[in-house]
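Single-letter residue listing:
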Amino acid sequence: MMLRSAVIREPMKPFAMTTYEFKAIMEMARKQAVEGIIIESMINNHVKLQKKCVISMMKMKNAIAAENRKLNKRAIEIGNIFEKAGFRYAIVKGQGNALLYPNQMSRVPGDIDIWVEGKRKDISHFVKSQFPDANGGELHIDYPIFKDTTVEVHFKPCLLCSPFSDRKLQKWIKQNSDAQFSNRVQLPETDGEVCISTIDFNVVQQMTHVMHHFFTEGIGLRQIVDYFYVLKNSKHNNNYEKIFKRTGMLTFARGMMWVENFLFGLDDTHLLVKPNEKVGKIIFLEIMEGGNFGRHDERYSKRKEGKFSRVSTDIKRLIKLIPTFPSEALWAIERKGVNQVWKL
């Protein structure tokens, strides 16, 4: 209820909260990376707290705001670096998503994801010319230019496990890339501008991002809140159902629409496709069990025992998803196997 109240600005009746309740709620919020907007809800609804809880809450609020200021500054700096090097770029997710929040400083930030236009070898060469040991993969390469901020330089803004679906997705991305590299905005409490992905692009890109992580790691409520604001700000000028069907995301998209409606009462005018309750409940269960990027999933405690154990338990989870998502679950299993061999 508190999350819903914070997200849709729905007032709650004032109530008191014990120290134990405050700690329990904030721990749950931390696991889902939504503590900033839960704090907003407590403040806006005048929740009665013990003095030490108020002090703790305000420290967290100020820390989240400070982290956002830092990442806004870093996003501008990293954008300027690639622009001066002759690359076009767009900041995806992250600080672009924060612009859609009622309080832009309440979103718990992560790292900076910058999508850079160009061939993989050229982008990698640019990064490795400065950091020869930079780690890279199919989607991105690390760019450890800042000691206080993680930066991932993306060759692609997103991908799908199925190579057939991904090929169609990358074609759509290429067709819509120019608008992303020219969409300049000013980030809060800064003097500079950055390019960020557009709302219409985010509708597809962030659905892909959530779906990919659902099968490879896990997703948390922060991604669901992000997507809620994307949907609320989208004008639905495109036939998204056709795009999702073509790229194999339609079943997952229908589940996501149910989750957004169930959690936040998203009305029909903002739903992209017809909701599917059965699929939505599967997605919601995974969200609540796993937490932010699946990092708090107690069902898979064996994952802590080593890489092989982690892979085996992840595959067991994916096998259970095959009846609902046959193609993407099977390709996710194949991808995990290939990645394990590659690491060895």
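Residues numbered from 1 in each chain as written. Predicted model: local features only at pLDDT ≥ 70, side-chain atom pairs only at ≥ 80, totals over all residues. Heavy atoms only, no water.

## Focus on a nonpolar patch on the surface
Line of reasoning, step 1. A contiguous nonpolar patch, built from Ile43, Val54 and Met58 and spanning about 190 Å² of accessible area, is present on the exposed surface.
Line of reasoning, step 2. Tracing the chain through its elements places Val54 in helix H4 (residues 51-84). (Patch = residues over 30% accessible without salt bridge, like charges linked within 9 Å, V, L, I, M, F, W, Y side chains within 5 Å. Areas by Shrake-Rupley, 256 points an atom, 1.4 Å probe, with all protein chains shown as cover. Salt bridge = Lys/Arg side-chain N within 4 Å of Asp/Glu carboxyl O. Helix = DSSP H or I, 4+ residues; strand = E, 2+ residues; numbered from the N terminus.)

## A few points about the environment of Glu40
Line of reasoning, step 1. In this fold, Glu40 is placed in helix H3 (residues 35-44).
Line of reasoning, step 2. Along the backbone, Glu40 and Val7 are 33 residues apart, and their C-alpha atoms lie at a distance of 9.3 Å.
Line of reasoning, step 3. Excluding residues within four positions of it along the chain, Glu40 makes contact with Arg9, Lys61, Asn103 and Ser106. (Contact = heavy atoms within 4.5 Å.)

## Observations regarding the packing of helix H7 (residues 163-175) against helix H9 (residues 199-216)
Axis angle and axis distance: for two packed helices, these are the angle between their axes and the distance between the axes, and together they describe the pair.
Line of reasoning, step 1. In the contact formed by H7 and H9, the axes pass within 11 Å of each other and the chain directions differ by 155°. Compared by their axis directions, H7 and H9 come out roughly antiparallel. The two elements H7 and H9 meet at a crossing, and its hand is left-handed. Facing H7, whose interface residues are Leu169, Trp172 and Ile173, H9 presents Asp200, Phe201, Val204 and Thr208. (Axes fitted to C-alpha atoms, helices over the stretch in contact; angles between N-to-C directions. Parallel < 35°, antiparallel > 145°, perpendicular 65-115°, else oblique. Left-handed = near helix turned anticlockwise from the far one by under 90°.)

## Observations concerning helix H10 (residues 221-233)
Line of reasoning, step 1. Given a rise of 1.5 Å per residue, 13 residues ought to cover 18 Å, and the 19 Å separating the end C-alpha atoms of H10 matches this to within 8%.
Line of reasoning, step 2. The buried fraction of H10 amounts to 11 of the 13 residues, a majority that puts the element mostly inside the structure.
Line of reasoning, step 3. Burial in H10 covers these residues: Leu221, Arg222, Gln223, Ile224, Val225, Asp226, Tyr227, Phe228, Tyr229, Val230 and Leu231. (Expected span 1.5 Å × (residues − 1). Buried < 20%, exposed > 50% of the residue type's maximum accessible area, 1.4 Å probe, protein only.)

## With respect to the packing of H9 against helix H12 (residues 250-264)
Line of reasoning, step 1. Relative to each other, H9 and H12 sit at 100°, their axes nearing to 11 Å. Overall, the two elements H9 and H12 adopt an arrangement that is roughly perpendicular. Along its contact with H9, which presents Met207, Val210, Met211 and Phe214, the element H12 presents Phe252, Ala253, Met256 and Met257.

## Looking at unusual backbone geometry
Line of reasoning, step 1. Notably, Ala33 is not glycine yet its phi reads approximately 60°, a positive angle.
Line of reasoning, step 2. Here Ala33 shows up in the loop between helix H2 (19-32) and H3.
Line of reasoning, step 3. Exposure remark for Ala33: the relative accessible area of 6% places this residue in the buried category.
Line of reasoning, step 4. One non-glycine residue, Glu189, lies in the positive phi region at around 60°.

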